[in-house]
Amino acid sequence: MSSSGKKPPRPHAPATKVVHSGRAPHDNFGFVNPPVYRGSTVLFPTAEKLWKRDQLYTYGRSSTPTVRSLEEAIAEVEGGAATALTASGYQAVSTAILAFVKSGDHILMVDSVYQPTRKFCDYMLAKLGVETTYYDPLIGAGIADLIRPNTRIIFTESPGSQTFEVQDIPAIARVARERDLWLLMDNTWASPLYFRPFDHGVDVSIQAATKYIVGHADAMLGAITSNARAAKHVALAKEQLGVCPGSEETFLGMRGLRTLATRLAQHQRSGLEIARWLEGRPEVARVLHPGLPSHPQHALWKRDFLGATGLFSIVLKPASDKAVAAMLDGLQLFGMGFSWGGYESLIIPFDPKPYRTATKWTADGPALRLHIGLEDVDDLRADLEAGFERLDAAK
Ligand SMILES: *Cc1c(COP(=O)(O)O)cnc(C)c1O
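Just so we're clear, the structure is a prediction, and the values are computed from it rather than from any experiment. (Residues numbered from 1 in each chain as written. Predicted model: local features only at pLDDT ≥ 70, side-chain atom pairs only at ≥ 80, totals over all residues. Heavy atoms only, no water.)

Caption draft 1: Quick look at the overall build of the chain. Along its length, the chain carries 13 helices and 11 strands. For the chain, the C-alpha radius of gyration of 22 Å lies close to 21 Å, the compact-globule estimate for 395 residues. For the C-alpha atoms alone, the extent of the chain along its principal axes is close to 75 × 55 × 50 Å. By the burial criterion, 54% of the 395 residues in the chain qualify as buried. For the chain, the accessible area works out to roughly 17,900 Å², and carbon and sulfur atoms hold 55% of it. Between the centroid of the 43 positive side chains of the chain and the centroid of its 42 negative side chains there is a distance of 5 Å. (Helix = DSSP H or I, 4+ residues; strand = E, 2+ residues; numbered from the N terminus. Rg over C-alpha atoms; globule rule 2.2 N^0.38 Å. Buried < 20%, exposed > 50% of the residue type's maximum accessible area, 1.4 Å probe, protein only. Areas by Shrake-Rupley, 256 points an atom, 1.4 Å probe, with all protein chains shown as cover. Lys, Arg positive; Asp, Glu negative; His and termini not counted. Charge placed at Lys NZ, Arg CZ, Asp CG, Glu CD.)

Caption draft 2: Seen up close, the site of the ligand. Taken together, 13 residues form the shell around the ligand, and within it Gly89, Tyr90, Asp186, Thr210 and Lys211 come nearest. One of the side-chain N or O atoms of Lys211 is found 2.6 Å from an oxygen atom in the ligand. Within the side chain of Trp340, one N or O atom sits 3.3 Å away from an oxygen atom of the ligand. Its free accessible area being 380 Å², the ligand has 92% of it covered by the protein chains. Split into classes, the residues belonging to the shell around the ligand amount to five nonpolar, five polar and three charged. (Near = heavy atom within 4 Å. Polar contact = N/O pair within 3.5 Å; in protein donor to acceptor, adjacent residues only side chain to side chain. Nonpolar A, V, L, I, M, F, W, Y, C, P; charged D, E, K, R; others polar.)

Caption draft 3: Broad picture of the sheet that holds strand β10 (residues 346-350). With antiparallel pairing, four strands are arranged side by side in an open sheet as β8-β9-β11-β10. Where the open sheet ends on each side, the last strands, each with one partner, are β8 (284-288) and β10. Looking at each pair of strands side by side, their axes are set apart by 25 degrees on average, direction ignored. The pairing of strand β9 (residues 311-316) with strand β11 (residues 367-371) spans five bridges and is classified as antiparallel. Opposite Val315, over in β11, you have Ala367 as the bridge partner. Packing of helix α10 (residues 260-279) onto the sheet brings it into contact with β8, β9 and β11, and relative to β9 it is tilted by some 10 degrees. (Pairing = 2+ DSSP bridges. Axes fitted to C-alpha atoms, helices over the stretch in contact; angles between N-to-C directions. Contact = heavy atoms within 4.5 Å.)

Caption draft 4: Representation of helix α4 (residues 89-98) in the model. Most of α4 sits out of view: seven of its 10 residues are buried. Residues of α4 that are buried: Gly89, Ala92, Val93, Ser94, Thr95, Ala96 and Ile97. By the N-cap criterion, in which a side-chain oxygen at the helix start approaches the backbone nitrogen of a residue two or three places on, α4 is capped by Ser88, the distance to Tyr90 being 3.4 Å.

Now the structure itself:
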């Protein structure tokens, strides 16, 4: 009870926050959604105000009411102190890393990271004189042994891109805190709803909002959400790198966010159903889905995550490229293409063997990554079943 005798307001659940955060209808003539502000120039009413930059908005690149609305909403939903929007998920990764390193520094990068993040380290960071050490996603507290005097960042992504290793984020966070390092996490797979990075000691959480937040494959967008300690560094990097999301893309991110909880629940349900069915298929050697008890880090996922989304992989029993192509080329509902998180089902073949350095990818057969969309689950199953028949016939 507060001193006034009133009960403190009950904190809203995430599903309520995605609907209500970042909008103020009565500041917009009652219209439910914030409008799209497009603009570069922002006028100042007096010379005094201009000299002091004394107003909320000063230039289109810095912010607009549209951008601020979505930044506030994501910060609230993810539970951070502040969010900075970027023009893509990749730009969120690069901006977040550059916020904390200088020439001569060293960073620790998870070996199962999204491949373009790896390229950023190997080329851009190397060129700037920042060294990267890749580490085993299952390293946990053992990360302490890799820390050098010039280490600044531990970068995590859980589960790993394509291969779905679940990291022990709390164990790594304890080490990061002890050694005064910044802990960054690419939290795109779980979205702000199924993993709460700031409850587990993460300093900076990255979202490729292109995926589940936008949710309709119609815009590129990224978000960097920071705790209070990290926020000023990220804000400075965003300003100095000229990072600026598009107005329409920001609006589409806002529109996507409103239905995120509902969409994810369906992606989760259908994804698990298809994953379980795939486990029983004779053509499949392994299903890499953290929500299945057969996943090697299922217990860790259960301890730390609040749900599973619609993205996972399978390893097939050995099959020729010709047989895999016969399976994939005839699919009616699963499209082949990069990105994921939209309403539609997708499938891509992948092979992590050539680029892993800290760990070895040892599957005997070809691997496929699936995104389970919002279609009827029986239709999806039938599409895959016909694909397996083509695979078997072409063997
Ligand atoms: C897609 C993706 C990104 C990059 O996002 P874009 O918006 O495509 O630039 C970053 N991290 C992960 C885990 C992703 O899947």
